[in-house]
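Here is how the chains run, residue by residue.
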Amino acid sequence: MTQHDPRTVFLRDYTPPAYLVEEVRLTFRLAPHATRVLSEIQFRPNPDAADRDFFLHGEQLKLISAHVDGAPVTPELVEGGLRLDAPDAAFTFEAEVEIDPENNTALEGLYRSNGMYCTQCEAEGFRKITFYPDRPDVMAPFHVRIESDLPVLLSNGNEVARGEGFAEWYDPWPKPSYLFALVAGDLVAHADSFTTQSGREVALNVWVREADIDKCAFAMEALKKSMKWDEEVYGREYDLDLFNIVAVDDFNMGAMENKGLNIFNSSAVLASPETATDADFERIEAIIAHEYFHNWTGNRVTCRDWFQLCLKEGLTVFRDQQFTGDMRSHPVKRIDDAMLLRSAQFREDNGPLAHPVRPESFVEINNFYTVTVYEKGAEIVGMLKRLVGDEGYRKALDLYFERHDGQAVTIEDWLKAFEDATGRDLSQFARWYHQAGTPRVHVAEDYADGTYTLTLRQETPPTPGQDDKAPVVIPVAVGLLNPNGDEVVATRVLELSEAEQSFAFEGLSTRPVASILRGFSAPVILRHEQSHETRAFLLAHDTDPFNKWEAGRDLARTGLLAMILDGAGPDAGYVDALGQAVSDEALDPAFRARLLALPGEDELAQAIFETGTAPDPTAIHAAREALRRAIAERLGDTLSRLYETHQVTGPYSPEAKDAGRRALTNAALSLLTLTQGGDRARAQYRAADNMTQQIAALGALLVIGEGEAELKAFEEQWHHERLVMNKWFGLQVAAARPEETAATAEALSRHPAFDWKNPNRFRAVFGALAGNAAGFHDPSGAGYRLLADWLLKLDPLNPQTTARMTQAFSTWKRYDEDRKRLIRAELERIAGAQGLSRDTSEMVGRMLA
Ligand code: 0A1
Ligand code: ZN
């Protein structure tokens, strides 16, 4: 066991709050450096509490005055807040504090972004606004008065009064402080309305700076679709007369679900055909939906404490995935989700940052907004649905909302709703929440006398602090095909709950070909020895689209590993099978685009590491590029034909059908450019009337070391559009050759438009550096050094974004001795920095442990 940081918080230490809040009144007198916040909080003793210790969180607050029931008091100011001898009865606490939004560079609490005031309170930012029991199990209605000369003054709920220099808001729905929000700025609204299923009219606004008013229509449509979808699919209606969305340029995350006032990173809301790609449109639609869906899963039913974060996030991600599937394509969405899970969550689960979906301890909760909590959390919800069926799922959700509306609850409450609604015992299933690590499922097959027997064995490798793992309940969807490609056994969900289990399928006249883990029915790694021929057969014939794609992916991975580890040449058999599949006009172009994407370099590095060899990122990159060239050469005619015949004509539309065609033609373009030069890409660049086509062409050129002129033209065209310029910055680093990647990032960091305090811009360059595996891991160590330098520079200003980006180093133990030594030195340099934030120190501490 490693030594715990003294600041560690444990789930097992949870105690109910000593006092509850009946009502809150806040007044904000906004001023850039000296905003005054007046609070009037009605407390009452919590009958369920074990003590009467009155403690209010508060950080970076200047206390001006405090009163209890109107009488002045002098609270004891302690680390992280204040204490007071409070009455053992209901009372009113008042305080006046002063805060400095202008110097709030951490973007937590009340801060300024381009002259606009905004807040970010999740998880523990409200304590930087005023003294309060800043924990999600304290819920209250909020009255808010904002005093400022700025034209637009917003808070949660409904506006109840407005006059010269002030506005007043009231949110009747009791909420935890993390859902509080305030915005004040010179903004304009793209307005619309929605009529709910019970006939209530809701005013909708997307608030932006005037220059961005032409980029709001798509988000508004996405919002209306989300509202309708939640009514139709979950029976959940919106509950206020107003729903506001605000776009802000400086934001640490994607967006935030504050009650009735969602605040969005501008990159997650603003889109026009000229400035946003198809992928941006899809992401915006999903994030709008995600934040909206939180109104029920997160806000109406919230978390008892931050260990329960997956209660709202896993479920809400699952809901937004369902929504995207319904709006676009379920198979393609499943493939995209599986790719993300494998590239980011499996990576987390396999390294020093592995943690359970519901962690047991943390130092800084902001470090637990992870792919494990979000995406693996969503997978668990998906597995529950698979196990109890669609009807059982709906019944369980109805019961969950009915029972817990207005409450702050736990994963146990969530599972209990499933148990009570469906009669199923979920005690073993609950391990998914407690146990970190990705289960491996090993497959053995036998066929005799007309009976096919599938033997599945599960094991989960140890993770930090959890050496011994128990078997989990794994829904394994299986279908059987006969040698002609006909399905002889339709998809059936096997429940693997023991360490090893066999399943028999009788009455088969020939040995079947098994298609296992269809639809990626569980977040596990399947270990299934299959011949090249079987995989090619499944790529051609599997009736399950996910496994059809998976078969191609397995072939590609096996072929790449042979190239990297054994010096083999590109696998012509794979390339031919791929050529057949992508030529199949019965298949969705978006799906075919996914077939053309090879496993990523980081995924390959992990696969090599698991064979017991230290991966060489340079060699991985070279092999992957060689295979891409081989595909382009061998399938040149096929790819040019796809490129020509799937071009989208007519005006741009971001909807799935056209986006899928562009995904396919651009996948073809990037391959063809490798072997046929840049003419086709240059022509596309010139003709492009939308960002998808423009940036794809530019990317294809940069990869072959061309595109200088286009890069310049792009900058001239877009220098005034921050979001587009983020692409310009990022693409150059992503497309750089390994040995030039660090130098490219370094040069860009000296560009006059490199505003490093803006998280989007910082991530554009340094996120791309970390994402360019061969460049980041270049043996010179220049990538490591550069990233560490900049993280050290950012940490004092913005700990949250810094800590998140240290994850670039998390796989360090995979590599050879030289690289390990170089990375360790950078991690130690960061760990040893004077005044390092709690956020970053926790992350590097875990990586070095
Ligand atoms: N709840 C938001 C994510 C979020 C979390 C933390 C933030 O700041 C520290 C901001 C946003 C979501 O899931 O969308
Ligand atoms: Zn969320």
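Bear in mind that the values here come from a model prediction, so they are computed numbers and not experimental data. (Residues numbered from 1 in each chain as written. Chains lettered and ligands numbered in written order. Predicted model: local features only at pLDDT ≥ 70, side-chain atom pairs only at ≥ 80, totals over all residues.)

Here we look at the overall build of the protein chain
And step 1. A count of helices and strands for the protein chain gives 26 helices and 31 strands.
And step 2. At 27 Å, the protein chain has a C-alpha radius of gyration in line with the 29 Å of a compact globule built from 849 residues.
And step 3. Structurally, the protein chain occupies a C-alpha span of about 85 × 65 × 60 Å along its principal axes.
And step 4. In the protein chain, which comprises 849 residues, the proportion classed as buried is 52%.
And step 5. Counting contacts in the protein chain only where the partners sit at least 6 residues apart, residues at least 24 apart contribute 70% of the total. (Helix = DSSP H or I, 4+ residues; strand = E, 2+ residues; numbered from the N terminus. Rg over C-alpha atoms; globule rule 2.2 N^0.38 Å. Buried ≥ 20, exposed ≤ 12 C-beta atoms within 10 Å, placed from the backbone. Contact = placed C-beta atoms within 7 Å.)

Notes on the sheet that holds strand S26 (residues 451-459)
And step 1. A sheet is described by the order of its strands in space; here four strands give the open sequence S29-S26-S25-S31, paired in mixed fashion. Here the strands that pair on one side only, and so sit at the sheet edges, are strand S29 (500-505) and strand S31 (525-527). Averaged over neighbouring strand pairs, the angle between their axes works out to 25° when direction is ignored.
And step 2. Alignment of strand S25 (residues 440-448) against S26, held across nine bridges, turns out to be antiparallel. Each bridged residue has a counterpart across the sheet, and for Ala-444 the counterpart in S26 is Thr-455. (Pairing = 2+ DSSP bridges. Axes fitted to C-alpha atoms, helices over the stretch in contact; angles between N-to-C directions.)

Quick look at the pairing of strand S12 (residues 140-147)
And step 1. Alignment of strand S2 (residues 19-29) against S12, held across six bridges, turns out to be parallel. Residue pairing for S12: Leu-26 is matched across the bridge by Val-144.
And step 2. Pairing between S12 and strand S15 (residues 166-175): seven bridges, direction antiparallel. Along S15, the bridge assignment pairs Val-144 with Trp-169.

Topic: the UniProt feature "domain: Aminopeptidase N-like N-terminal" (unreviewed entry) in the protein chain
And step 1. In the numbering used here, UniProt assigns the "domain: Aminopeptidase N-like N-terminal" (unreviewed entry) feature to residues 95-179.
And step 2. Each end of residues 95-179 is marked by a C-alpha atom, and these two atoms are 20 Å apart; helix forms 0% of the span and strand 51%. (UniProt positions renumbered as here; feature names shortened; annotations may be inferred.)

Regarding the environment of Gly-705
And step 1. For Gly-705, the location among the structural elements is in the loop between helix H17 (691-703) and helix H18 (708-718).
And step 2. Between the C-alpha atoms of Gly-705 and Gly-678, which are 27 residues apart in sequence, the distance is 9.6 Å.

Focus on the environment of Gly-783
And step 1. Note that Gly-783 resides in helix H23 (residues 782-794).
And step 2. Here Gly-783 falls in the buried class, since 29 other C-beta atoms lie within 10 Å of it.
And step 3. Gly-783 sits 13 residues away from Ala-770 along the chain, and the two C-alpha atoms are 8.1 Å apart.
And step 4. Not counting residues up to four positions away in its chain, the partners in contact with Gly-783 are Thr-741, Ala-742, Leu-769, Gly-775, Phe-776, His-777 and Asp-778.

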